[in-house]
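# Survey of secondary and tertiary structure
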Amino acid sequence: MRGGLIGCGFFARNHLAAWRDLGVDMVLCDRDVGKAQALASEFGAPAVYGDAAPMIAAERLDFVDIVTTVESHRPLVELCAAARLPMVCQKPFAADLPDGRDMVMAARDAGVPLLVHENFRWQKPMLALSQVVGAGEIGTPSFARISFRHAFDIYRNQPYLATEPRLALVDVGVHVLDLARFFLGDVTRYYCRTQRLNPRVRGEDAANLLLDHSSGAVSSVEISFFSHLDPDPFPQTLVRVEGSEGTAELLPGYRLVVTRGGRSETHDVEPPVPAWGQRPWHLIQDSVVALQRHWLTCLRDGVEPRPSGADNLRTLELVYGAYDSAERGVALTTSLDEVRG
Ligand SMILES: NC(=O)c1ccc[n+]([C@@H]2O[C@H](COP(=O)([O-])OP(=O)(O)OC[C@H]3O[C@@H](n4cnc5c(N)ncnc54)[C@H](O)[C@@H]3O)[C@@H](O)[C@H]2O)c1
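Residues numbered from 1 in each chain as written. Predicted model: local features only at pLDDT ≥ 70, side-chain atom pairs only at ≥ 80, totals over all residues. Heavy atoms only, no water.

## With respect to the site of the ligand
Phe11, Asp30, Lys91, Asn119 and Tyr160 are the nearest of the 20 residues found near the ligand. Between the ligand and Asp30, the relevant distance is 2.6 Å, taken from an oxygen atom to a side-chain nitrogen or oxygen of the residue. Between the ligand and Gln90, the relevant distance is 3.4 Å, taken from a nitrogen atom to a side-chain nitrogen or oxygen of the residue. Compared with its free state, where it exposes 860 Å², the ligand has 88% of that area covered by protein. (Near = heavy atom within 4 Å. Polar contact = N/O pair within 3.5 Å; in protein donor to acceptor, adjacent residues only side chain to side chain. Areas by Shrake-Rupley, 256 points an atom, 1.4 Å probe, with all protein chains shown as cover.)

Take a look at the structure:
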């Protein structure tokens, strides 16, 4: 397998270490070619490009991994679709819903699979919780609380976040809303409040949403980048799912507590630390390996990746609609059929 990675910035190192673990050779591209060269010497990449089009023309690639920020996703997805290349695209998948729909159609028309890099649902604790819920251990789910609250300095590694006019929903809302849909299924109605708490930051750095799911379940989704906690759970997302027969809860310290019939069992769901990784990043690093392994299986077996671009449009509808809900102070209804495209 040979892939082409576009965008050699902060997060690309995790992708490249995971591709190396999975035995995939990657050629690299960044419009700042010095960044591509630096990662190429670190990871032994066979070739480096300053532009995606010549890379695609010159290389025989099995797929492309897009690790740039959102404004470049649409042109890059369209370029790769025109070359009939399967692709993985980082989150947020699209800058708005119409762009997202066009990107999904471009891949669909080209007949190539498209995986959105929504790695939170591939985190080991999330997979363990989904297994408990899916196996019916807590009965029929009626409520979930999904909480990503911390005060870790995310602006140090990703300085561009501090100046984004739209922050928490676009950056992490995509992940936690994907989790809400992962655990409880599609959303029919939603209401959002946003807050700007950290004076150093331009966009909203906290958001709270209430979601109605088509199953009848309700979820509460909380994001904050300015919650002073001790211990700070970053980068863990804490989740509780309540059902007709019990409750399953992900707690700090990677504990999964399953309660039913008045008794609780605690499981250790801490992910392994990759040989190239370190705590506390191992949660994210292991999830990147899991997502990329899933992609290789999908390519081999011709199976739709999870979440596909089409699936992710339903999450994006919530993310961008949430700004409208917050601004107007109203609950909104989703347009599932229209979004399905
Ligand atoms: N899934 C996660 O857990 C996670 C974590 C961090 C970042 N991300 C996402 O990953 C993406 C990248 O984030 P980052 O922090 O690495 O950003 P970054 O700015 O550090 O790196 C992006 C790189 O892409 C390059 N680039 C941009 N447009 C290009 C183009 N058209 N052709 C070639 N190169 C181009 C830039 O020069 C830059 O080096 C973002 O969308 C971010 O939201 C995801």
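Following the structure, the description resumes.
## Focus: the layout of surface pockets
There is about 250 Å³ of room inside the second largest pocket. The wall of the second largest pocket is formed by 16 residues, among which Val112, Pro113, Leu114, Glu304 and Ser308 lie closest to the centre. Counting only elements with at least two residues in the lining of the second largest pocket, the list comes to helix 5 (97-110), helix 8 (282-301) and helix 9 (309-328). Tallied by class, the residues present in the lining of the second largest pocket amount to ten nonpolar, three polar and three charged. Both domains that furnish three or more residues to the lining of the second largest pocket are identified here as domain 1 (2-112) and domain 2 (120-276 + 307-333). (1 Å grid on protein atoms, 1.4 Å probe; cavity = no way out; pocket = protein on both sides within 12 Å on 5 of 7 lines; lining within 4 Å. Points joined across faces, edges and corners; volume = space filled by probe spheres on them. Helix = DSSP H or I, 4+ residues; strand = E, 2+ residues; numbered from the N terminus. Nonpolar A, V, L, I, M, F, W, Y, C, P; charged D, E, K, R; others polar. Domains from an automatic or database assignment.)

## Digging into the domain arrangement of the protein
On domain assignment, one finds that the protein holds domain 1 (2-112) and domain 2 (120-276 + 307-333). When each unit is reduced to the centre of its C-alpha atoms, the spacing between domain 1 and domain 2 is 27 Å. Each partner contributes to the interface: domain 1 provides 18 residues, whereas domain 2 provides 15 residues. Of the roughly 1,300 Å² buried between domain 1 and domain 2 on both sides combined, carbon and sulfur atoms contribute 73%. Per-residue buried area on domain 1 facing domain 2 is highest for Phe10, Lys91 and Leu97; these three make up 39% of the total on that side. Where domain 1 touches domain 2, the interface holds one salt bridge. Between Lys91 and Asp171 there is a salt bridge, with its nearest N and O atoms 3.1 Å apart. Viewed at the interface, domain 2 and domain 1 are joined by four residue pairs in polar contact (both at pLDDT 80 or more). (Contact = heavy atoms within 4.5 Å. Buried area = accessible area lost by both parts, 1.4 Å probe. Salt bridge = Lys/Arg side-chain N within 4 Å of Asp/Glu carboxyl O.)

## Some remarks on the pairing of strand 5 (residues 87-90)
The side-chain alternation of strand 5 yields two buried faces, one formed by Met87 and Cys89 and the other by Val88 and Gln90. Taken together, the three bridges between strand 4 (residues 63-66) and strand 5 define a ladder with parallel strand orientation. Within strand 5, the residue paired with Val64 across the bridge is Met87. Crossover strand 4 to strand 5 through helix 4 (residues 73-82) is right-handed. Summarising the sheet, strand 5 and strand 6 (residues 114-117) pair through four bridges and their orientation is parallel. The residue bridging Gln90 from the neighbouring strand is His117, located in strand 6. Tracing the backbone out of strand 5, into helix 5 and back to the parallel element strand 6 gives a crossover that is right-handed. (Buried < 20%, exposed > 50% of the residue type's maximum accessible area, 1.4 Å probe, protein only. Pairing = 2+ DSSP bridges. Right-handed = clockwise from strand over helix to strand, strands pointing away.)

## Side note on the sheet that holds strand 1 (residues 2-6)
The strands that make up a sheet pair up through hydrogen bonds in the backbone, lying either parallel or antiparallel. In spatial order, the strands read 3-2-1-4-5-6; together these six strands make up an open sheet with parallel pairing. Of all strands in the sheet, those with a lone pairing partner are strand 3 (48-49) and strand 6, marking the two edges. Bridge count between strand 2 (residues 25-29) and strand 3: two bridges; the pairing is parallel. Looking at the pairing, Leu28 lines up with Val48 of strand 3.

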